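A structural walkthrough
The primary structure of each chain is shown beneath.
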Amino acid sequence: MKRPGRDTEESTRRISRRGLILGAAQVGFVGLLAARMRHLQVNQADQFRLLAEENRINIRLIPPARGLIFDRNGVALAENRQNYRIVMVREEAGDVDEVLARVQKLVALPPADIERARREMARRSPFVPVTLADRLEWEEVAAVAVNAPALPGVTAEVGLSRHYPLQSDFAHVVGYVGPVSDYDLERLEDPDPLLQIPNFQIGKYGVEAKLETRLRGQAGTKRIEVNAVGRVMRELDRKDGIPGDDVQLTVDHGLQNFTQARMGVESAATIVMDVNNGDILAMGSSPSFDPNKFVRGISVPDYRALTENERRPLAGKPVQGLYPPGSTFKMVVALAALEEGLVDPEETVWCPGHLDRAGRRFHCWRRGGHGHVSLIDSIKQSCDVYYYDIAERVGIDKITAMAQRLGLGLRHDLPLSGIAEGLTPTRAWKERRRGAAWVVGDTLNAGIGQGFVLASPLQLAVMTARLASDRAVVPRLVKSVDGVETPVSAPPLGLQPEALALVRQAMFAVSNERRGTAYGSRIDAEALRMAGKTGTSQVRNITTEERRQGVFRNEDLPWNRRDHALFVAFAPHDAPRYAVTVVVEHGGGGSTAAAPIARDVLLYALHGGVPPLESYPSGQRREIGDMLDSLELRAPQRPSPVRSRA
């Protein structure tokens, strides 16, 4: 039996050991906690202070002012205008319905805008401002400001909005801006944070779209203090952004306005180019549209009216349109033959009105034929049989090589939307794309600018400028960006001087000799006379039965089945300065529909204003005077005195 004293002593020792272990554990835990607290409060104090600051301070982006766009003379084509709007903060308004009723007495708010604002206020936090009305007149904003005490939560704001002062004149060149869409964001790999700003606008078409990154500028920032629920308490500091670069184009606003007015209601394209440096002075597409409607959000009826118009007002025809060049292509074939030594200028080809090859009959536009035709007469009278004959001699490969040398079948790099490449066909192209061998009939059709050959008005203008200057001029639309001039390059083209002189002589005969196809559109002022070439391209097949009974006249056909009318020219013929190309869709004949427009536009460029009647043949002056008086031209615009980006 154990003694009680020994048991008590043993028990006491066990309790002491447990106490020591528990005490040591407690001390260790407290020490660990203290170390952790010291780490958090001392070592990581700066990090947690920054986190707290970021919860309290927000950084917001400030949209920069968009760069302006000017014509070659400094006239504004795209500018930023102050945009007045009124906004409401639901939290501050109190009785929203009562305040809205008061606002409606001062500003005419459509019911649809009121409903939209109500939905926005219900969807957003009560302290977030919602726009009630946008693009208000100053008088309306002033009325709201004067009545501010009776309009709690309602304030007036000032922003910038894009505006195109010349409206439809430059719609297809300058283009327009619009709000950033989901599609815009999806196609960008690393979108600018600016694009996330609600209703931020970017270029959608034309120069506005192609030079977007230069025009957009860089965002500014502002630091604002917010409370726990995100309500703005105050603005701490602000750093303004960098405005976008200003862009100066090569176009002339007066010439452009005259070009648009002269085309009238035709579905047409006109380009005027400086033959020495490639500057595009005018690029008209008709009919046009008002780009301001897209900035403000075009209505469904307005948009439907544009898309359902068979004359395609939204299409930029000078660069997007592709047409068989017709007889304007004959200079290409003539130069290819002359450079290869395959035709003598004095040689004549017999034209009975057709040529039979490979079991087919290829017709001349003149049913009875032209008789014996030389090279100059072939261009002057636009004989098709002559070009069937020499195209067969030259072959498609050399014809295509000359066409590309003159700028056809190439995509010219301009900051415009949807530039077409055109088509100068080859044997390999047909094999690859059509799965068929090239045949002689393909060459004969190409010889008169039909068949597979396609060209845009821009390409035809480049071709004409190169014929006029013998230089490889490249079209230029941007004169400078942020004051830095865009370089110009126009090396010698190197055509044989004798061959080029013959073609120019023939083009002069087209416009200035009695049997020339454009004699009716000649310039009477000797120092300004032009050299040109008419063209008519078919858009339908003429059947054998129709040829037997007589080909329908264009005016007897529905509009969309009539031939396209073309005309290319340069002037003055002995010291060329400007080249012009006109294409009138379904206009009928180039001599009647396109050449008169080209002559008037060339004369405007040469005179620097509305042409004087003395430049026209005396028998036409009265009629032309009435026509010129009927044109709705803008008053001359003044250059902007200060190119402010604000």
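The preceding data block contains the structure.
The structure contained in this document is the topic of the report that follows. (Residues numbered from 1 in each chain as written. Predicted model: local features only at pLDDT ≥ 70, side-chain atom pairs only at ≥ 80, totals over all residues. Heavy atoms only, no water.)

Attention now goes to the overall build of the protein. Helix and strand counts for the protein stand at 25 helices and 21 strands. Counting over 646 residues, the protein shows a buried share of 49%. Sequence separation of 24 or more characterises 72% of the internal contacts of the protein that already satisfy a separation of 6 or more. (Helix = DSSP H or I, 4+ residues; strand = E, 2+ residues; numbered from the N terminus. Buried < 20%, exposed > 50% of the residue type's maximum accessible area, 1.4 Å probe, protein only. Contact = heavy atoms within 4.5 Å.)

To continue, consider the pattern of salt bridges. The tally for this structure, following the rule as stated, stands at 28 salt bridges. R476 serves as the salt-bridge partner of D279, at 2.7 Å between the closest nitrogen and oxygen. Taken together, the residues D279 in the loop between β11 (268-274) and β12 (280-286) and R476 in the loop between α21 (457-469) and β17 (478-481) connect sequence positions 197 residues apart. Summarising the burial analysis for this pair, D279 and R476 share the class buried. The network of salt bridges with common partners includes R66, R162, E208, E212 and R216. (Salt bridge = Lys/Arg side-chain N within 4 Å of Asp/Glu carboxyl O.)

Further remarks concern the environment of R312. Inspection of the secondary structure assignment puts R312 in the loop between α13 (300-307) and α14 (317-320). The sequence separation of R312 and S286 amounts to 26 residues, and the corresponding C-alpha distance is 8.5 Å. Among all residues touching R312, those that are not within four sequence positions of it are K317, Y323 and E585.

Attention now moves to the sheet that holds strand β21 (residues 578-584). Pairing within the open sheet is antiparallel, and its 5 strands lie in the order β12-β11-β21-β20-β19. With one partner strand each, in any of the chains shown, β12 and β19 (531-537) form the two edges of the open sheet. Strand-to-strand twist across the sheet, computed as the mean angle between neighbouring axes with direction ignored, equals 5°. Direction of pairing for β11 relative to β21: antiparallel, over a ladder of 7 bridges. In the strand pairing of β21, A268 is matched with V584. (Pairing = 2+ DSSP bridges. Axes fitted to C-alpha atoms, helices over the stretch in contact; angles between N-to-C directions.)

As for its position among the elements, V580 is in strand β21. For the pair V580 and F567, spaced 13 residues apart in sequence, the C-alpha separation works out to 8.1 Å. In this view, V580 contacts T270, I271, V272, F567, V568, A569, A598, V601 and L602; residues no more than four positions away in its chain are not counted.

Here the focus is unusual backbone geometry. Trans peptide bonds make up most of the peptide bonds, and negative phi angles are found at most residues other than glycine. Between S286 and P287 the backbone carries a cis peptide bond, its omega angle lying at -5°. Its location among the elements puts P287 in the loop between β12 and α12 (292-295). A cis geometry characterises the amide bond from A571 onward to P572, with omega recorded as -15°. In the Ramachandran plot, R312 falls in the positive-phi region, its phi being about 55° despite a non-glycine side chain. Its identity as a non-glycine residue notwithstanding, S382 has a phi of 60°, on the positive side. If you trace the backbone, S382 turns up in the loop between α16 (375-380) and α17 (384-394).

Turning our eyes to something else, we now look at helix α20 (residues 440-447). Residue pairs three or four apart in sequence face the same way in an α-helix, which turns once every 3.6 residues. The element α20 is largely enclosed, with a buried count of 7 among its 8 residues. Within α20, burial applies to G441, D442, T443, L444, N445, A446 and G447. Where the residues of α20 are buried, they touch α15 (330-339), β14 (354-357), β15 (360-363), α17, α18 (396-405) and α19 (427-434). Positioned one or two residues after α20, G449 has a phi angle of 75°, which is positive.

Attention now moves to the packing of helix α11 (residues 253-263) against helix α24 (residues 590-607). At their nearest, the axes of α11 and α24 sit 10 Å apart, and the two run at 160° to each other. Taken together, the axes of α11 and α24 are roughly antiparallel relative to one another. By crossing handedness, the relation of α11 to α24 is classed as right-handed. Residue-level contacts link G254, L255, F258, T259, R262 and M263 of α11 to P596, I597, D600, V601, Y604 and A605 of α24. (Parallel < 35°, antiparallel > 145°, perpendicular 65-115°, else oblique. Left-handed = near helix turned anticlockwise from the far one by under 90°.)

Glancing now at the packing of aromatic side chains. Enumeration over the complete set of coordinates arrives at 11 aromatic pairs. For the pair Y176 and F294, a centre-to-centre distance of 4.3 Å together with 15° between the ring planes defines the contact as stacked. Remark: F294 occurs in helix α12 and Y176 occurs in strand β6 (residues 176-179); sequence separation between them is 118 residues. For Y176, a relative accessible area of 15% puts it in the buried group. (Phe/Tyr/Trp six-rings, centres within 6.5 Å; stacked < 30°, edge-to-face > 60°.)

Right, let's get into the environment of D245. Of note, D245 is situated in the loop between β9 (232-239) and β10 (247-249). With a relative accessible area of 13%, D245 lands in the buried category. Sequence separation of D245 and R214 is 31 residues, and the distance between their C-alpha atoms is 5.5 Å.

Put simply, helix α4 (residues 96-106) and helix α5 (residues 111-123) touch, their axes get as near as 12 Å, and they point 150° apart. Classed by the angle they form, the pair α4 and α5 counts as roughly antiparallel. Relative to α5, α4 is oriented so that their crossing is right-handed. Along its contact with α4, which presents V96, D97, L100 and Q104, the element α5 presents I114, R118 and M121. Residue classes in the contact of α4 with α5 are distributed as 4 nonpolar, 1 polar and 2 charged. (Nonpolar A, V, L, I, M, F, W, Y, C, P; charged D, E, K, R; others polar.)

Looking now at the side chain of T270. Relative to the helices and strands, T270 resides in strand β11. Exposure remark for T270: the relative accessible area of 0% places this residue in the buried category. Here T270 is in contact with T259, M263, A282, M283, G284, V580, T581, V582, I597 and V601, once residues within four sequence places are set aside.

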